[in-house]
Amino acid sequence: MDSEETPRKMVDNALKGFRTNTNPDDRLSYAWIISQLIEDTTDAELYELAAVVAVEEDPRLRGEICYAISRSRRPQLVNFIKGMAQDKNQYVRKEALTAINELNEINNVKLSVIEPLVDTVNELRVMLIDLQKDIKNIQNNIVKPISSDYGSANIDGIAMNDRTKCWETYLRNEKELLRDHKGEFVAIYNAKIVGVRPSDLELANIIHDNYGAVEAFIYKIEEEDEEPIQMPSYMGNIVEI
Amino acid sequence: MVDLLVSHKPYEKKSGVACFAPYVGVIISSLAEQNPDTVVFDARIDTGADITCIPKAYASKLGPLILGNPITVRGHDGNVTRVWTYRLTISILAYPDEGRLKPYRPEKGVLLTDSSIGLIGMDIIGICRRVTFDSTTKEFFIEC
């Protein structure tokens, strides 16, 4: 009888439990198991876990993932915890710094390199929020990623194209934009905010005056509608330019 | 003031479509007013479409486009995907006086499709004052 709980099987069960459970205490228990069996966890699984946990409300989970990554002795995951070194929660910051020190010892990386990377880290944090949404949707079989969303460029191992970078710029500033400019429009070109105006027409003219006829973005500043838009069968397939 | 933009326009039957239906002449153009490029074609008034759909073949003639917020759509096969929207100015040509037009800039942007027929969806229809379909005469009216 094959009833033996191998470490790998325990990791599988813990990952499954983590993905399906919403109770923070239960999720923390599963994270503990994964931390303890980190050598039996693959890079991809750890990436996925870190991406999800990085934006968890519960600071215990964010702290635990820092610990798990430090135990993994995989310096390529250091980017996940760099962002958490600036977490709003003191416990998470402490865990993140401890983990960075651990990984620094392994990789002989100086802490001084972190400071110039703050922008990159912040971008990564927001990108992770977006990825977390997509991961959840994919796990729930709600959304299938389309190839053009995750196209060409590669930032620290995570593929992004120019369009996704612009959307990521929006998401990075979404909280402040919703607070100060809800209902208005924001123009983004080359992953940089060009302007915020009540009129999309005005922004389009600003883009054209400054950059010519280019592909740029004008996003309406609003909370996203969760309900998918229904497409009639006769309209053909949605395509992109 | 009520503007009777389209008056007594007969239903039409387009190639590849089974029935007579209401079509309007539309002009699409870049959101930036400095860009003079425009494309004219017919689009069907479709209360079943939540969002206006433009054939890619026409939109691509305008050069680089302004993109809007990505949205989630559920296709007829049940699959849900995330797609980009595009921001265009869509002007409906008056009828029978084709010298007039009424421009619209759908807030959610429009979708591009591989179809040859454009659909004017509820994002535009919903802000018209009144749309009337006369099944007796097979004509329709749009008031703005």
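From a predicted model like this one, the values you see are computed outputs, not experimental measurements.

Caption draft 1: A look at the overall build of chain A. The helix and strand tally for chain A stands at nine helices and seven strands. Taking all 241 residues of chain A together, the buried fraction comes to 32%. Intrachain contacts of chain A at a sequence separation of at least 6 include 56% that bridge at least 24 residues.

Caption draft 2: Looking closely at unusual backbone geometry. A cis amide bond links Tyr95(B) with the next residue in sequence, Pro96(B), at an omega value of 5°. By secondary structure assignment, the location of Pro96(B) is in the loop between strand S6 (80-93) and strand S7 (101-104). Even without being a glycine, Asn190(A) presents a positive backbone phi close to 55°. Its place among the elements puts Asn190(A) in the loop between strand S3 (185-189) and strand S4 (192-197).

Caption draft 3: Looking closely at the pairing of strand S2 (residues 23-30) of chain B. Residues and elements named next belong to chain B. Bridge count for S2 against strand S3 (residues 38-45) is seven bridges, and the pairing is antiparallel. The residue bridging Ser-29 from the neighbouring strand is Thr-38, located in S3. In the sheet, S2 pairs with S6 via five bridges, with the strands oriented antiparallel. Bridged to Ile-27 within S6 is Ser-91.

Caption draft 4: The arrangement of the interface of chain B and chain A in detail. In this assembly, 42 residues from chain B lie in contact with 34 residues from chain A. Contributions of two or more residues to the side of chain B that touches chain A are made by helix H1 (56-59), strand S5 (66-74), S6 and strand S8 (111-113) of chain B. Within the side of chain B that touches chain A, the residues separate by chemical class into 19 nonpolar, 14 polar and nine charged. The sheet contact formed by strand S7 (residues 238-239) of chain A and S8(B) spans two bridges and is antiparallel. Counterpart to Ile238(A) in the pairing with S8(B) is Thr113(B).

Caption draft 5: The environment of His181(A), seen in detail. Residues and elements named next belong to chain A. Structurally, His-181 can be placed in helix H8 (residues 162-181). The partly exposed category is assigned to His-181, around which 15 C-beta atoms lie within 10 Å. Residues His-181 and Ile-221, spaced 40 residues apart in sequence, show a C-alpha to C-alpha distance of 6.9 Å. When sequence neighbours within four positions are dropped, the list of residues in contact with His-181 reads Val-196 and Ile-221.

Caption draft 6: Main features of the sheet that holds strand S1 (residues 4-10) of chain B. All names here are of chain B. The strand order S1-S11-S10 describes an open sheet built from three strands, whose pairing is antiparallel. Two strands in the sheet have a free side with no partner beyond their single neighbour: S1 and strand S10 (130-134). Sheet twist, expressed as the mean angle between neighbouring strand axes with direction ignored, is 5°. Bridge count between S10 and strand S11 (residues 139-143): five bridges; the pairing is antiparallel. Opposite Asp-134, over in S11, you have Glu-139 as the bridge partner.

Caption draft 7: Representation of the nonpolar core within the structure. With 59 residues, the main nonpolar core has Ala187(A), Ile188(A), Phe217(A), Ile66(B), Tyr86(B) and Leu88(B) as its most contacted residues. A per-element tally of this core places S6(B) first, with six residues. Of all hydrophobic cores here, the second largest spans 34 residues; its members include Phe18(A), Val52(A), Ile65(A) and Leu128(A).

Caption draft 8: Seen up close, helix H4 (residues 59-72) of chain A. Residue and element names in this part refer to chain A. The terminal C-alpha atoms of H4 lie 20 Å apart, and with 14 residues this matches the ideal 20 Å at 1.5 Å per residue to within 8%. The element H4 is extensively covered by neighbouring structure, given that 10 of its 14 residues are classed as buried. Those residues of H4 that fall on the buried side of the exposure criterion are Leu-61, Arg-62, Gly-63, Glu-64, Ile-65, Cys-66, Ala-68, Ile-69, Ser-70 and Ser-72. With its phi angle positive at about 55°, Arg-73 sits one or two positions after the end of H4.

Caption draft 9: Structural context of the packing of helix H2 (residues 24-36) of chain A against H4(A). Residues and elements named next belong to chain A. For the pair H2 and H4, the least separation of the axes is 9 Å and the interaxial angle reads 5°. On the basis of the axis angle, H2 is roughly parallel to H4. Along the contact surface, H2 presents Pro-24, Arg-27, Leu-28, Ala-31, Trp-32, Ile-34 and Ser-35, while H4 presents Arg-60, Leu-61, Glu-64, Ile-65, Tyr-67, Ala-68 and Arg-71. For the contact of H2 with H4, the per-class residue count stands at nine nonpolar, one polar and four charged.

Caption draft 10: Structural context of the packing of helix H3 (residues 43-53) of chain A against H4(A). Residue and element names in this part refer to chain A. For the pair H3 and H4, interaxial distance at closest approach is 9 Å and the crossing angle is 155°. Relative to H4, H3 is oriented roughly antiparallel. Crossing of H3 over H4 shows left-handed handedness. On H4, the residues touching Leu-46, Leu-49, Ala-50 and Val-53 of H3 are Leu-61, Arg-62, Ile-65, Ile-69 and Ser-72.

Caption draft 11: Expanded view of the pairing of S6(B). Residues and elements named next belong to chain B. Burial within S6 is extensive, with 10 of its 14 residues counted as buried. Bridge count for S5 against S6 is seven bridges, and the pairing is antiparallel. The residue of S6 that forms the bridge with Val-73 is Thr-81. Adjacent in sequence and paired antiparallel, S5 and S6 are bridged by five residues, among which Gly-78 carries a positive phi angle near 90°.

Caption draft 12: Seen up close, the environment of Ser115(B). Following the sequence through the fold, Ser115(B) ends up in the loop between S8 and strand S9 (118-120). Residues contacting Ser115(B), with those up to four places away along its chain left out, are Met235(A), Gly236(A) and Pro55(B).

Calculation rules
Residues numbered from 1 in each chain as written. Chains lettered and ligands numbered in written order. Predicted model: local features only at pLDDT ≥ 70, side-chain atom pairs only at ≥ 80, totals over all residues. Helix = DSSP H or I, 4+ residues; strand = E, 2+ residues; numbered from the N terminus. Buried ≥ 20, exposed ≤ 12 C-beta atoms within 10 Å, placed from the backbone. Contact = placed C-beta atoms within 7 Å. Pairing = 2+ DSSP bridges. Nonpolar A, V, L, I, M, F, W, Y, C, P; charged D, E, K, R; others polar. Axes fitted to C-alpha atoms, helices over the stretch in contact; angles between N-to-C directions. Core = buried A, V, L, I, M, F, W, Y, C linked by C-beta atoms within 7 Å. Expected span 1.5 Å × (residues − 1). Parallel < 35°, antiparallel > 145°, perpendicular 65-115°, else oblique. Left-handed = near helix turned anticlockwise from the far one by under 90°.

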